[in-house]
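What follows is the residue order along each chain.
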Amino acid sequence: MKYKTIHIKTFVYLISFLSVLFNCSTKKPIIQNPSFMHTKPIADNDDSVEPNMIHAKVTISEVYKEPQEICGIRKIKVCQIEVSDVLKIGVGLHRGMHRGQKYKVSFTQKDFKTQKGDSLLIKIQEFPCFGTHEASSFLVVDSKPI
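Residues numbered from 1 in each chain as written. Predicted model: local features only at pLDDT ≥ 70, side-chain atom pairs only at ≥ 80, totals over all residues. Heavy atoms only, no water.

Colleague: Provide a residue-level description of the environment of K104, including the pertinent values.
Modeller: Tracing the sequence through the fold places K104 in strand 5 (residues 102-107). Sequence separation between K104 and S61 is 43 residues, and the spatial gap between their C-alpha atoms is 9.8 Å. Only 3.3 Å separates the side chain of K104 from the side chain of Q68, close enough to count as a polar contact. (Helix = DSSP H or I, 4+ residues; strand = E, 2+ residues; numbered from the N terminus. Polar contact = N/O pair within 3.5 Å; in protein donor to acceptor, adjacent residues only side chain to side chain.)

Encoded structure:
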């Protein structure tokens, strides 16, 4: 009788443990859009740059009203920028940015009120483009007027 009670308790604990494991493993993963809040705002006195990030001074040369395709994905809040000066470059860049070049970029900011001719200090992240003719795309993570 003593052994029967021990086996029943062990069996109950085992079933409880397995049900907890099953419940944890069958939960659907939460899918989130990429968030760039983990990046620090642009600071003039900060010499560090996160990987795949570029800090640059740019001028807005075109603001697109309609969604644009960048890296095979339709994006809103898209502008064409002309790079005035590249200030800081992080490691791991595929294409990079160069002074005087124009790039089509998308902005992540909610308060997107950029106009043609605006000069900005931007923090931009480069992403590789897989399966397209483009080498990489750029996403503006933070910006402030100059």
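Colleague: An account of the packing of aromatic side chains is needed here, citing residue identities and associated values.
Modeller: Considering all chains together, one arrives at one aromatic pair under this definition. Centre to centre, the rings of Y103 and F138 are 5.4 Å apart; their planes meet at 75°, and the pair counts as edge-to-face. Residue Y103 is located in strand 5, and its partner F138 is located in strand 7 (residues 136-145); the two are separated by 35 residues in the primary sequence. Judged by relative accessible area, F138 falls into the buried class, the value being 2%. The ring of Y64 is capped by K104, whose NZ or CZ atom sits 5.3 Å from the centre of that ring. (Phe/Tyr/Trp six-rings, centres within 6.5 Å; stacked < 30°, edge-to-face > 60°. Buried < 20%, exposed > 50% of the residue type's maximum accessible area, 1.4 Å probe, protein only. Lys NZ or Arg CZ within 6 Å of the ring centre and 35° of its normal.)

Colleague: How would you explain the pairing of strand 1 (residues 53-63) if you had to name every residue and give the values?
Modeller: The element strand 1 is largely enclosed, with a buried count of eight among its eleven residues. Bridge count between strand 1 and strand 6 (residues 119-128): seven bridges; the pairing is antiparallel. Across the sheet, the residue bridging to A56 is I122, located in strand 6. Strand direction decides the pairing type here: strand 1 and strand 4 (residues 78-89), joined by nine bridges, are antiparallel. When the bridges of strand 4 are listed, A56 appears paired with V86. (Pairing = 2+ DSSP bridges.)

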